[in-house]
Amino acid sequence: MKVISILLAFLNSLIGGLLILSCISTGESLGWISFKSGAGMLAVYFGVMTFKDGVQPICQSRALLNGIALIVIGISAVAWGIHWSIVSGDMKNTVILFGGSLFIQGLTSVLGSETGEIHT
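This one's a predicted model, so the numbers in the text were calculated from it and none came from an experiment.

Observations concerning the nonpolar core
If you look at the biggest cluster of nonpolar residues, it comprises six residues: Ala39, Ala43, Phe46, Leu70, Phe98 and Leu102. Elements that contribute at least two residues to this core include exactly α2 (30-55) and α4 (93-113). Here the element with the most residues in this core is α2; it accounts for three residues. The contact partners of Phe46, leaving out residues within four places of it in the chain, are Asn66, Ala69, Leu70, Ile73 and Gln105.

Examining the side chain of Gln105
As for its position among the elements, Gln105 is in helix α4. Its relative accessible area of 0% is what places Gln105 among the buried residues. Those residues in contact with Gln105 that sit more than four places away from it in its chain are Ser5, Leu8, Ala9, Asn12, Phe46, Gly47, Thr50 and Leu70.

Some thoughts on the packing of α2 against helix α3 (residues 60-88)
With their axes 11 Å apart at the nearest point, α2 and α3 run at an angle of 145 degrees to one another. Handedness of the crossing formed by α2 with α3: left-handed. Every residue of α3 that contacts α2 at Trp32, Phe35, Leu42, Tyr45, Phe46, Met49, Thr50 and Asp53 is listed here: Arg62, Ala63, Asn66, Ala69, Leu70, Ile73, Trp80 and Trp84. Residues that form the contact of α2 with α3 fall into these classes: twelve nonpolar, two polar and two charged.

Observations regarding the packing of aromatic side chains
The geometry of an aromatic ring pair is captured by the separation of the ring centres together with the interplanar angle, meaning the angle of the planes. According to the stated counting rule, one finds one aromatic pair in the structure shown. Both rings, one in Tyr45 and one in Phe46, keep their centres 5.1 Å apart while their planes meet at 65 degrees; by these two values the pair is edge-to-face. Since its relative accessible area comes to 6%, Phe46 is described here as buried.

Remarks on helix α1 (residues 2-21)
Along its 20 residues, α1 runs 28 Å from first to last C-alpha, staying within 8% of the 28 Å computed at 1.5 Å per residue. Those residues of α1 that sit buried are Lys2, Ser5, Leu8, Ala9, Asn12, Ser13 and Gly16. Each buried residue of α1 sits inside an arc of 145 degrees when the element is viewed along its axis, so together they form one side. Those residues of α1 that are exposed and aimed more than 90 degrees away from the buried face are Val3, Phe10, Leu18 and Leu21.

What counts and what doesn't
Residues numbered from 1 in each chain as written. Predicted model: local features only at pLDDT ≥ 70, side-chain atom pairs only at ≥ 80, totals over all residues. Heavy atoms only, no water. Core = buried A, V, L, I, M, F, W, Y, C linked by side-chain atoms within 4.5 Å. Buried < 20%, exposed > 50% of the residue type's maximum accessible area, 1.4 Å probe, protein only. Helix = DSSP H or I, 4+ residues; strand = E, 2+ residues; numbered from the N terminus. Contact = heavy atoms within 4.5 Å. Axes fitted to C-alpha atoms, helices over the stretch in contact; angles between N-to-C directions. Left-handed = near helix turned anticlockwise from the far one by under 90°. Nonpolar A, V, L, I, M, F, W, Y, C, P; charged D, E, K, R; others polar. Phe/Tyr/Trp six-rings, centres within 6.5 Å; stacked < 30°, edge-to-face > 60°. Expected span 1.5 Å × (residues − 1). Arc of directions from axis to C-beta.

From the geometry alone we can't say anything about function, so treat these as descriptive.
What follows is the structure in structure tokens.
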């Protein structure tokens, strides 16, 4: 499970970086730029924390809270993407895919820490 979590952490960090870079020269509203930048920074943060936990274990409670936060953020992003698709009629597959990826990363991180792995 940790391998899947680390792989998704890498992919989500790349997507987060692309979200931040996509805000550089756009003519979008300040709220949308802030949302995309915030989502990108969160993805990079959780990616680094998941990768660091795989290399050198961090505090078990912090890893568990990071995993739970990813699950909540992922479900929220998927729900928001579905809501946005219904309201605007414009299907935002990227939001739903990104939210699902964050959810799976958090789930595998939590399940990987609960399998009884012993870190010395």
